[in-house]
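A look at the structure
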Amino acid sequence: MLTTAKPLMRALAGETLPVPPVWMMRQAGRYLPEYRATRAQAGNFLDLCYNPDLAAEVTLQPIRRYGFDAAILFADILLIPQALGAELWFVQGEGPRLSTVTSAEDFRALKPVEAIHETLAPVYETVRILSRALPRETALIGFAGAPWTVATYMIAGQGTRDQGPARQLMYADPATFDALIDLLTEATAQYLIAQIDAGAEAVKLFDSWAGALPGLMFERYATRPARTIVERIRERHPGVPVIGFPRQAGEKVVPFVQATGVEACAIDTSVDPHWAARALQPLTCVQGNLDPMLLVTGGSALADGVRRTVAALSGGPFVFNLGHGITPEADPANVDVMLRALRG
Ligand SMILES: Cc1c2[nH]c(c1CCC(=O)O)Cc1[nH]c(c(CCC(=O)O)c1C)Cc1[nH]c(c(CCC(=O)O)c1C)Cc1[nH]c(c(C)c1CCC(=O)O)C2
């Protein structure tokens, strides 16, 4: 019954709604004092990810405060490498560190796909808790990193400015690189299917570094893995929408949407929403793309930014969101300003 469905699910099904559903990338995060308190209680970030009660609690915090139309599971894209046997830790103030995969030997030391569920079981438990605890109108989104983006961290052992180590392995040892992408593709599909089994109603695939893939490699390492993941999900859960996010991929998002068949495409801050309305919305639901900096600065520029984004995209299926994650410096009161400009 379309009319009783949750607003987010209606937009993802292709409906144009008078007021777009809204959620924010990284909506559970350090800009919220209640998040910082729960994170301190958990000990550290990874302990928080693997504690189902506390991970569910931080997922619910922005829903209680703002009444968003969707909750996104609290976890991280780097749990998959850890589940495959890589070491993972976070350095305070710097970011993630991992044991590296740069040779056939390193690759062979990784675990097989079936082994991931042992490590990831607490994440599935978080999803089960959330599917019981969320308000009836709030949709639950599961997520994973796309194979290329996750591979950039596994190969370099940390975040990199230009994804140089991953691009180097891609050219220097294509057999190992392809094997890693294939392993991540299958593991990611199984991980997302398990999240849906546990109660996720939609899933999002974050390809945060898609823009670093050379044009000639984009089809092979961004589009093709995403298409395989979408196919695997459809086999098991037809009707569960997939949101793609090939960040910074420019006009290549059009063939990406056509080839993968994603039900929605998230657009990053760099994309002109008028272009997205013309080039993407006839093909798929568009999600985006307010500049997260406006939630730091606030004021009339914020309300203006919201209105201009909505004006560009409200003529078709649209989910209001940011063009990238909200930052720790954002003022929680500015999120209220954003919601008032959006919902009236
Ligand atoms: C590249 C990437 C990562 N993680 C993620 C991406 C892709 C999306 C993007 O491009 O932002 C995705 C992610 N990370 C997190 C979520 C949870 C759901 C949400 O609220 O959106 C999601 C969807 C929590 C998190 N993941 C992380 C935090 C901050 C951890 C903390 O509390 O200190 C959160 C809330 C840590 C993280 N995790 C990662 C990095 C590089 C860092 C360190 C940078 C930083 O500190 O902001 C890897």
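Counting restarts for each chain: residues are numbered from 1 in the order of the written sequence. pLDDT decides what is reported in this predicted model: residues at 70 or higher carry local features, side-chain atom pairs at 80 or more are listed and counted, and totals for whole chains, interfaces and linings draw on all residues regardless. For side-chain calculations, the full set of non-hydrogen atoms in the structure is used, while hydrogens and water are omitted.

**Structural notes on the overall build of the protein chain**
Test applied: Think of it this way: any DSSP run of H or I at least four residues long counts as a helix, any run of E at least two long counts as a strand, and we number them from the N terminus. With C-alpha atoms as the basis for the radius of gyration, the globule rule is written as 2.2 Å multiplied by the number of residues raised to the power 0.38. We call a residue buried when its accessible area falls under 20% of the maximum for its residue type, exposed when it is over 50%, and partly exposed in between, using a 1.4 Å probe and counting protein chains only. Any pair of residues with heavy atoms lying within 4.5 Å of one another is described as a contacting pair. What sets the accessible areas is the Shrake-Rupley method with a 1.4 Å probe; for residues, cover comes only from the shown protein chains. For the charge count, each Lys or Arg is scored as positive and each Asp or Glu as negative, with His and the chain ends excluded. The atom standing in for a charge is NZ when the residue is Lys, CZ when it is Arg, CG when it is Asp and CD when it is Glu.
Along the backbone of the protein chain there are 16 helices and nine strands. The C-alpha radius of gyration computed for the protein chain amounts to 19 Å, which stays within 12% of the reference 20 Å derived for 344 residues, consistent with globular compactness. Over its C-alpha atoms, taken along the principal directions, the protein chain stretches across nearly 60 × 45 × 40 Å. Taking all 344 residues of the protein chain together, the buried fraction comes to 57%. Pairs at least 24 apart in sequence give 74% of the contacts found in the protein chain among residues at least 6 apart. For the protein chain, the accessible area works out to roughly 13,900 Å², and carbon and sulfur atoms hold 51% of it. Across the protein chain, the centroid of the 30 positively charged side chains sits 4 Å from that of the 35 negatively charged ones.

**Focus on the side chain of Thr 260**
Convention followed: The definition of a polar contact used here is a pair of N or O atoms within 3.5 Å, where within protein one atom must be able to donate a hydrogen and the other to accept one, and adjacent residues in sequence count solely through side-chain atom pairs.
Positionally, Thr 260 belongs in helix H12 (residues 253-260). In this structure Thr 260 comes out as buried when scored by relative accessible area, which is 4%. Of the polar contacts made by the side chain of Thr 260, one reaches the backbone oxygen of Phe 256; its length is 2.7 Å. Within polar-contact distance, the side chain of Thr 260 engages the backbone nitrogen of Val 262 at 3.4 Å. Sequence-distant contacts of Thr 260, defined by excluding residues within four places in its chain, comprise Thr 223, Ala 226, Arg 227 and Val 230.

**Topic: the nonpolar core**
What counts, and what does not: We define the nonpolar core as a collection of buried residues of types Ala, Val, Leu, Ile, Met, Phe, Trp, Tyr and Cys that are connected through side-chain atoms lying within 4.5 Å of one another.
Core analysis: the largest hydrophobic core is formed by 132 residues, its most contacted members being Phe 68, Tyr 191, Val 335 and Met 338. It is helix H10 (residues 174-198) that provides the largest number of residues to this core, a total of 13 residues. Ignoring sequence-local partners within four residues, the contact set of Val 335 consists of Met 24, Tyr 31, Tyr 66, Phe 68, Leu 295 and Ile 326.

**With respect to the packing of helix H8 (residues 147-156) against H10**
To keep things clear, this is the line we draw: As a rule, the C-alpha atoms of each element are fitted with a line to give its axis, helices using only the stretch in contact, and angles between N-to-C directions run from 0 to 180 degrees. In these notes the angle categories are as follows: under 35 degrees is roughly parallel, over 145 is roughly antiparallel, 65 to 115 is roughly perpendicular, and the rest is oblique. Two helices crossing with the near one rotated counterclockwise from the far one by less than a right angle form a left-handed crossing, whereas a clockwise rotation gives a right-handed crossing. Any residue outside Ala, Val, Leu, Ile, Met, Phe, Trp, Tyr, Cys, Pro, Asp, Glu, Lys and Arg is labelled polar, Gly included; the first ten of those are nonpolar and the last four are charged.
Orientation of H8 relative to H10, taken along the N-to-C sense of each, is 125 degrees, at an axis distance of 9 Å. The angle between H8 and H10 falls in the class oblique. Pair H8 / H10 crosses with right-handed handedness. Seen from H8, the contacting residues are Pro 147, Trp 148, Val 150, Ala 151, Met 154 and Ile 155; seen from H10, they are Phe 177, Leu 180, Ile 181, Leu 184 and Thr 185. Tallied by class, residues from the contact of H8 with H10 come to 10 nonpolar, one polar and no charged.

**Structural notes on the state of the cysteines**
Note the threshold: Disulfides are defined in this document as cysteine sulfur pairs within 2.5 Å.
Scanning all chains against the criterion turns up zero disulfides. In this model Cys 285 remains outside any disulfide bridge; the closest cysteine sulfur is found in Cys 265, 9.8 Å from its own. Judged by relative accessible area, Cys 285 falls into the buried class, the value being 2%.

**Details of helix H9 (residues 164-172)**
Gly 164, Ala 166, Leu 169 and Met 170 are the residues of H9 that are buried. Taken together, the buried residues of H9 touch H8, H10 and helix H11 (215-236).

**So, the UniProt feature "binding site: substrate" (unreviewed entry) in the protein chain**
Applicable threshold: UniProt positions are given in the numbering used here, feature names are shortened, and annotations may be inferred rather than shown by experiment.
The sites that UniProt annotates as "binding site: substrate" (unreviewed entry) are Arg 26, Gln 27, Ala 28, Gly 29, Arg 30, Asp 76, Tyr 153, Ser 208 and His 324. For the residues just named, distributed over 299 residues, the greatest C-alpha separation reaches 22.7 Å, placing them at more than one site. Relative to the elements of secondary structure, Arg 26 occurs in the loop between helix H1 (7-12) and helix H2 (33-42). A residue is classified by how much of its surface remains accessible, and Arg 26, at 56% relative accessible area, is exposed.

**Describing the UniProt feature "domain: Uroporphyrinogen decarboxylase (URO-D)" (unreviewed entry) in the protein chain**
The UniProt feature table records "domain: Uroporphyrinogen decarboxylase (URO-D)" (unreviewed entry) at residues 21-30 and 141-157. Counted over residues 21-30, helix gives 0% and strand 0%. Its end C-alpha atoms are 23 Å apart. Secondary structure within residues 141-157 divides into 59% helix and 29% strand; the distance between the first and last C-alpha atoms comes to 28 Å.

**So, the sheet that holds strand E4 (residues 139-145)**
Rules: Any two strands with at least two DSSP-identified bridges between them are counted as paired.
Taken in spatial order, the seven strands line up as E1-E4-E5-E6-E7-E8-E9 in an open sheet, and their pairing is parallel. Looking along the sheet, the strands with just one partner apiece sit at the ends: strand E1 (70-72) and strand E9 (318-322). Across the sheet, the mean angle separating the axes of adjacent strands is 25 degrees when strand polarity is ignored. Both strand E5 (residues 202-207) and strand E6 (residues 242-246) contribute to a ladder of five bridges, which runs parallel. Directly across from Lys 204, in E6, lies its bridge partner Ile 243. The strands touched by H10 are E4 and E5; relative to E4, the strand with the most contacts, the crossing angle is about 165 degrees.

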